[in-house]
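# Examining the three-dimensional arrangement
Residue-level listing of the chains:
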Amino acid sequence: MLTPDSTSETMEIVTVRRDRSAPSGETTVVRLLGLLPATWSCTAEASADRVRLRIDLTGGTDRSTVRRALRAVLADTALCGWDQES
């Protein structure tokens, strides 16, 4: 896991477990990070039912790109039962 530059802008994304049979946040954070672009710099916090990602918005990464990527990642069957928090 990479740590974002403290001088750059970040975007926070929170996902929550909606299905009790879905894997816990500790497993899901690994899956989320594995499916996001490897060039993104981010930090993650995980609990059993919630994963918080802070993604560094640099190098052409913007909010709309992050939103699109997250929608695609959450559609992956490995993340079934997890959704973005409203």
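Reference entry: report on the structure contained in this document. Predicted model only: the values in this text are computed from it and were never measured. (Residues numbered from 1 in each chain as written. Predicted model: local features only at pLDDT ≥ 70, side-chain atom pairs only at ≥ 80, totals over all residues. Heavy atoms only, no water.)

## What about the side chain of Thr-15?
If you trace the backbone, Thr-15 turns up in strand 1 (residues 10-17). Apart from the residues lying within four places of it in its own chain, the contact partners of Thr-15 are Leu-32, Asp-49, Arg-50, Val-51, Leu-70, Leu-74, Trp-82, Asp-83, Gln-84 and Glu-85. (Helix = DSSP H or I, 4+ residues; strand = E, 2+ residues; numbered from the N terminus. Contact = heavy atoms within 4.5 Å.)

## Thoughts on the environment of Pro-37
Tracing the sequence through the fold places Pro-37 in the loop between helix 1 (25-35) and strand 2 (42-47). For Pro-37, a relative accessible area of 36% corresponds to the partly exposed category. When the C-alpha positions of Pro-37 and Arg-52 are compared, they lie 17 Å apart, and in sequence the two are 15 residues distant. (Buried < 20%, exposed > 50% of the residue type's maximum accessible area, 1.4 Å probe, protein only.)

## Focus: the nonpolar core
Membership of the largest hydrophobic core comes to 19 residues, with the highest contact counts inside it found for Ile-13, Leu-32, Leu-36, Leu-53, Ile-55 and Val-66. Every element with two or more residues in this core is listed here: strand 1, helix 1, strand 3 (50-56) and helix 2 (63-74). If you tally residues by element for this core, the top one is helix 2, at 5 residues. (Core = buried A, V, L, I, M, F, W, Y, C linked by side-chain atoms within 4.5 Å.)

## Structural notes on the sheet that holds strand 4 (residues 82-84)
On the basis of which strands lie adjacent, the open sheet formed by 4 strands has the order 2-3-1-4 and antiparallel pairing. Bordering the open sheet on either side are strand 2 and strand 4, each of which pairs with just one other strand. Recorded for the sheet is a direction-independent mean angle of 20 degrees between the axes of neighbouring strands. Here strand 2 pairs with strand 3 via 6 bridges, running antiparallel. Each residue of the ladder has a partner; that of Cys-42, found in strand 3, is Ile-55. Against the sheet, helix 1 contacts strand 1, strand 2, strand 3 and strand 4, and its axis sits at roughly 155 degrees relative to strand 2. Packed onto the sheet, helix 2 meets strand 1, strand 3 and strand 4 and runs at close to 20 degrees relative to strand 1. (Pairing = 2+ DSSP bridges. Axes fitted to C-alpha atoms, helices over the stretch in contact; angles between N-to-C directions.)

## Digging into the pattern of salt bridges
Inspection of every chain in the model, using the stated rule, returns 9 salt bridges. Note that Glu-9 and Arg-63 form a salt bridge whose closest N and O atoms lie 2.6 Å from each other. A residue pair is termed long-range when its members are at least 10 positions apart, and Glu-9 in the segment before strand 1 and Arg-63 in helix 2 qualify at 54 residues. Assessed through its relative accessible area of 46%, Glu-9 is described here as partly exposed. A salt bridge links Arg-52 to Glu-12; the shortest N-O distance between them is 2.9 Å. (Salt bridge = Lys/Arg side-chain N within 4 Å of Asp/Glu carboxyl O.)

## Re helix 2
With 12 residues, helix 2 extends 16 Å from end C-alpha to end C-alpha; this agrees with the ideal 16 Å at 1.5 Å per step. Looking at the buried residues of helix 2, the elements they touch are strand 1, helix 1, strand 3 and strand 4. (Expected span 1.5 Å × (residues − 1).)

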